[in-house]
Amino acid sequence: MTSHARSRTQTVMEAVRRKILSGALGVDERLPSIRHMAENMGVSPSTVAEAYDRLAAEGAIRARRGAGFFVADGAARPLALSERVETASRDVDPFWVSRQALASDPSTLKPGCGWLPADWMPNDAFRKALRGLGRSSDAMLADYGAVRGPLGLRRVLLGRFAEEGLAASLDQVLLAGSGTQALDLVCRLLLKPGDRVLVDDPCYFNFRALFRALNVEVAGVPYTPSGPDITAMECAMATHKPRLYLTNSALHNPTGATMSPATAHRVLTLAAAHSVTVVEDDIFADLEPAHSPRLAVLDGLEHVVRIGSFSKTLSASLRCGYIAARPEMIEALVDLQIATSFCGYHPLAAEAITAVLTGGSYRKHMELTRTRLMRLREEVAEKLSALDVTPWLLPRGGFYLWCRLPEGQDAARIARSAMEANILLAPGNIFSVHQTATRFLRFNVAHMADQRIYDVLKRLLSA
């Protein structure tokens, strides 16, 4: 179908939807015949037939053999008030920002979200890759994928690891449905309900949400500009006896900090002494201007598991994650992934990602992205500082600024009020195990172009 034909079909669909929502067409009422609708809208009968078929697939209308199309029961039901306000009224907890970001209207400004704007992504490269996949074999388009993932993408990952100095083999890499699924698989393998884990305080809020879902107890280690507080970590390992420590060693979420070499060595020494597995989430790797020390590289994947994905730099829609670990752990994870999702990753997504990464334009795209973010980090930090909102540090890469509000301010209150103005913010305590970040907000500099964000912040801070 051409773009013009799609546009005509969508026009017919929107016309029907408006009639249903306005009450002009009631439940179980017959729609105009295909011929009559085509004459009224000045389109072909085949366009109307396509529109009706698609509306029926959505559940808005239903077909009766020999009688035509009718409005389906519930199609015109307005969204209940309880459904509209559910996420707005709930506690500001680790799920709050995720629900608001994923459920909000497209017009919502999202300086608190955790991804780059859609028009920053290499979309033309993906369109080319997807066109190529459309010419793939029937098996590629219809079958499950290989249990560890396609060789092509795993080889690409090994090449990228080698650039950092991490030597690994194909049997040490497993593809998963996403970075989140990769972490979930590792945690399911290593943890049981009631076990204890260590995370940074603050840390990525979905780490906390996942551990809550797994019924695992969480202890936090204060995070410093050079990594976790080693003295506090040593005490926490001795006291809590955790099974696992989870961190971002580079471009830490939410602070943007990068672990120093000295801290990285101390972390690995402590983990070995206390038999703690370290899980290193390396999702922001390509946003670094140059490689910094990585726990997986220093350890050689003996006691460190690396997870990652491509959602921050390629696409959050074509989801694919990976796990790098010891071969015997990968073997166990393969079985677990088969048990929980059969083929956890999406073969077409993996092939599209491989095509983009090997297509010749990705490195240039990332160079431009890093340069753009560097300029924005400085500009946004300056604008926020003028409001007495102070960056904790200026990161060497990435798109986050972890900022302290003026004395006496409550970030959760600010975030709730901003949401009423259609602006999504990320308040500090959703990241904090010990709830010590009351005065902090995490900003995504790539979503800070609209002056309304600064105007609303200024108004709320002065309220």
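What counts and how
- Residues numbered from 1 in each chain as written.
- Predicted model: local features only at pLDDT ≥ 70, side-chain atom pairs only at ≥ 80, totals over all residues.
- Heavy atoms only, no water.
- Buried < 20%, exposed > 50% of the residue type's maximum accessible area, 1.4 Å probe, protein only.
- Helix = DSSP H or I, 4+ residues; strand = E, 2+ residues; numbered from the N terminus.
- Pairing = 2+ DSSP bridges.
- Right-handed = clockwise from strand over helix to strand, strands pointing away.
- Disulfide = S-S within 2.5 Å.
- Axes fitted to C-alpha atoms, helices over the stretch in contact; angles between N-to-C directions.
- Parallel < 35°, antiparallel > 145°, perpendicular 65-115°, else oblique.
- Left-handed = near helix turned anticlockwise from the far one by under 90°.
- Contact = heavy atoms within 4.5 Å.
- Nonpolar A, V, L, I, M, F, W, Y, C, P; charged D, E, K, R; others polar.

On to the pairing of strand β8 (residues 277-281), then. Of all the five residues making up β8, five are buried; the element is thus mostly covered by neighbouring parts of the structure. Of the two faces of β8, the one lined by Thr277, Val279 and Asp281 and the one lined by Val278 and Glu280 are each fully buried. Here four bridges tie strand β7 (residues 244-247) to β8, and the two strands are oriented parallel to one another. In the sheet register, Leu246 faces β8, and the bridge partner there is Val279. Taken together, β7, helix α12 (residues 261-273) and β8 form a β-α-β motif whose crossover is right-handed. With four bridges connecting them, β8 and strand β9 (residues 304-309) associate as parallel partners. Looking at β9, one finds that Asp281 is bridged to Ile307.

One covalent bond between the sulfur atoms of two cysteine residues makes up a disulfide. Applying the stated criterion across every chain, the model contains zero disulfides. The closest cysteine sulfur to the non-disulfide-bonded Cys235 is located on Cys203, 19 Å from its own sulfur. You can see Cys343 has no disulfide; the closest cysteine sulfur is in Cys320, sitting 9.7 Å from it. With a relative accessible area of 15%, Cys343 lands in the buried category.

With that settled, the discussion passes to the packing of helix α8 (residues 151-164) against helix α15 (residues 347-357). Running from N to C, α8 and α15 point in directions that differ by 45 degrees, and their axes come no closer than 9 Å. Comparing their axes, α15 and α8 come out oblique. Judged by the twist between their axes, the crossing of α8 over α15 is left-handed. Contacts from Gly152, Leu153, Val156 and Arg160 of α8 reach α15 at Ala350, Ile353, Thr354 and Leu357. The residue inventory of the contact of α8 with α15, partitioned by class, reads five nonpolar, two polar and one charged.

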